[in-house]
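Descriptive analysis of the structure
Below, each chain spelled out in residue letters.
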Amino acid sequence: YQRRVHGGYQGKVSRAIFTSDNKYLISADQQASITIWNTQEEKKVFKIEKAHDEMINTLRLTRDNKYLFSSSEDSILRIWDLRQLQPVYRIFSQDLGDKGKVNTFVVTSDSRYIVVGTKLGHLRIWDIRGQDWKTMIEDAHVSQITALTITSDDKYLISASFGSIKIWDSTTLKEVHHIKNPFGSLVTFLLLTNDNKHIIASSEF
């Protein structure tokens, strides 16, 4: 969508996320830049030009707001230190064994793991501290994984694909529930209510 933000910015925003204290808004545009906004003063604080080579498709924050995670159509997932406003690590899609991009990802509440949903329908777990892959659920879905979310206690992971939403036990990595054909089309977005009792999902149609 197109939006004008106070401070002179105008462009197509691909993703946006608030810090946990709502003091800052972080947005990504289709030119692959990341901008940090002060929501109280309604002004731009900092802009990272060309954070990626192609459009950014996902933004996530750690709960302490110290690190920002971004993934892009350029097949790279980057970790940014928001205190220094510098990238500290990057993960290539080739590291997944997939041809193509990281479709979506989510970060656990303790900021220790990144769960990545891939183009080939796999779920991969990256250990941030160890900087290595921990495990993988092969063929979690029959097609690309398009959305991910995780409960606030990290007990359950929810993944979505075309006509499918699955709930996984994050400890055993076993599927505990499968919601088949909720829309009859591609599921594009997942959100959990604060009490983790309800899943909100949207589709492309």
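These remarks concern the structure in this document. (Residues numbered from 1 in each chain as written. Predicted model: local features only at pLDDT ≥ 70, side-chain atom pairs only at ≥ 80, totals over all residues. Heavy atoms only, no water.)

**Focus on the pairing of strand 16 (residues 164-169)**
Extensive coverage of strand 16 is indicated by the burial of 6 of its 6 residues. Residues Ser164, Lys166 and Trp168 line one face of strand 16 and the alternating positions Ile165, Ile167 and Asp169 line the opposite face, and both faces are buried. In this structure, strand 15 (residues 156-161) lies alongside strand 16, joined through 6 bridges in antiparallel fashion. Residue pairing for strand 16: Ser159 is matched across the bridge by Lys166. Connecting the antiparallel pair strand 15 and strand 16 is a turn made up of 2 residues, with Gly163 showing a positive phi of about 65°. What sits between strand 16 and strand 17 (residues 175-180) in their antiparallel hairpin is a turn of 5 residues, with Leu173 showing a positive phi close to 60°. (Buried < 20%, exposed > 50% of the residue type's maximum accessible area, 1.4 Å probe, protein only. Helix = DSSP H or I, 4+ residues; strand = E, 2+ residues; numbered from the N terminus. Pairing = 2+ DSSP bridges.)

**Topic: unusual backbone geometry**
Positioned with a positive phi, Glu42 is a non-glycine residue whose angle comes to about 55°. Note that Glu42 resides in the loop between strand 4 (34-38) and strand 5 (43-48). At Asp154, a residue that is not glycine, the phi angle is positive and equals roughly 65°. Tracing the sequence through the fold places Asp154 in the loop between strand 14 (147-150) and strand 15.

**Observations regarding the sheet that holds strand 15**
One open sheet accounts for 4 strands, arranged 14-15-16-17; its pairing is antiparallel. Either end of the sheet is taken by a strand with one partner, and the two such strands are strand 14 and strand 17. Averaged over all neighbouring strand pairs, the angle between strand axes comes to 15°, with direction disregarded. (Axes fitted to C-alpha atoms, helices over the stretch in contact; angles between N-to-C directions.)

**What to know about the layout of surface pockets**
A volume near 1,300 Å³ is recorded for the largest pocket. Around the largest pocket, the lining comprises 42 residues; the ones closest to its centre are Ile17, Leu59, Arg60, Leu148 and Leu190. A per-class count over the lining of the largest pocket returns 16 nonpolar, 21 polar and 5 charged. (1 Å grid on protein atoms, 1.4 Å probe; cavity = no way out; pocket = protein on both sides within 12 Å on 5 of 7 lines; lining within 4 Å. Points joined across faces, edges and corners; volume = space filled by probe spheres on them. Nonpolar A, V, L, I, M, F, W, Y, C, P; charged D, E, K, R; others polar.)

**A closer look at the packing of aromatic side chains**
Tallied over the entire structure, the rule returns 2 aromatic pairs. Here Tyr89 and Trp126 contribute two aromatic rings whose centre-to-centre distance is 5.6 Å and whose plane-to-plane angle is 35°, an arrangement assigned as tilted. Taken together, the positions of Tyr89 in strand 9 (residues 86-92) and Trp126 in strand 12 (residues 123-127) put the pair 37 residues apart, joining distant regions of the chain. The exposure class assigned to Tyr89 is partly exposed, which follows from its relative accessible area of 26%. A relative accessible area of 4% places Trp126 in the buried class. Against the face of Tyr113 rests Lys134, its NZ or CZ located 5.6 Å from the ring centre. (Phe/Tyr/Trp six-rings, centres within 6.5 Å; stacked < 30°, edge-to-face > 60°. Lys NZ or Arg CZ within 6 Å of the ring centre and 35° of its normal.)

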